[in-house]
Amino acid sequence: MRKQIAAANWKMNLTVDKAEVLLDNILSADISLSSDQLAVFAVPSPYLQLAQQKLNNKENFYIAAQNCYSKKSGAYTGEVSVEMLQSLNIQYVVIGHSERREYFQESNAFLAEKLNIALEYNITPIFCCGEPLSIRDAQTQNEFVSTQLEESLFHFSADDVQKIAIAYEPIWAIGTGKTATSEQAQEMHAHLRKVLADKYGKDVADNISILYGGSVKASNAKEIFSQPDVDGGLVGGASLLADEFIAIIKSLK
Ligand code: PGA
């Protein structure tokens, strides 16, 4: 059974004091998760170790890195390797967020390399895909997102591809307050699952968690997550508010 995941993406926000308070508030809340429900916090790199310690092995709660580099180690000033993440017991990494693609020119081929090294080190990637507004307006979003999957994921075996979680994040809905409707989310998630099923078979596709991202908040999470092919969300803005994110975690199906 595929996992239902509420993933916080803090992006480049919060000082360490505020990050600690936020995490403390969420971790001390009364949240009960079943074995197939997870809460994940993608925190800025300088806070990874602290956040990991704060979790104190709390069941079904995990820390993620927001990015990693494609090489094992070496002269890559400023980059974070999966070997470092593994040494901190970090088990998740966000790969290919649209902000990485846009501001740091990360291509589908480059993201494939990052996915390779993450799996090599047994770190679960949350691989982001999603179309800009111009593509949605031209109604070619299905083809656009299929290509992102094909060029970054389709070299994996069926065994390996199931180790990846996917986050569909339409760029026009990120940080804009403009959420895709639950029908638009379901439509795209069903399309992604079909693309995966055509390549790897239905059983494999049914095992892969596909999260929705883009202006998810406490007030819309339940409806979006209730869609049959939506397996939780990757949440930016609303994940910076304890009460909002607690409610979002509790909205997992
Ligand atoms: P948002 O961001 O929830 O603030 O729209 C989502 C994301 O970028 O992951």
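Residues numbered from 1 in each chain as written. Predicted model: local features only at pLDDT ≥ 70, side-chain atom pairs only at ≥ 80, totals over all residues. Heavy atoms only, no water.

Despite not being glycine, Lys11 shows a phi value in the positive range, around 50°. By the element assignment, Lys11 lies in the loop between strand 1 (4-9) and helix 1 (16-27). Backbone geometry at Gln139 places phi at a positive 55°, although glycine is not the residue there. Tracing the sequence through the fold places Gln139 in the loop between helix 6 (133-137) and helix 7 (141-153). (Helix = DSSP H or I, 4+ residues; strand = E, 2+ residues; numbered from the N terminus.)

For the structure shown, the criterion picks out 7 aromatic pairs. On the numbers, 5.6 Å between centres and 65° between planes, the contact of Phe41 with Phe245 is edge-to-face. With Phe41 in strand 2 (residues 37-43) and Phe245 in helix 12 (residues 242-250), this pair connects stretches of sequence that are 204 residues apart. By relative accessible area, which is 0% here, Phe245 ends up buried. A network of ring pairs unites the aromatic residues Phe41, Phe61 and Phe245 as a single cluster. Across the ring face of Phe104, the terminal group of Arg100 is positioned such that the distance to the ring centre comes to 3.9 Å. (Phe/Tyr/Trp six-rings, centres within 6.5 Å; stacked < 30°, edge-to-face > 60°. Buried < 20%, exposed > 50% of the residue type's maximum accessible area, 1.4 Å probe, protein only. Lys NZ or Arg CZ within 6 Å of the ring centre and 35° of its normal.)

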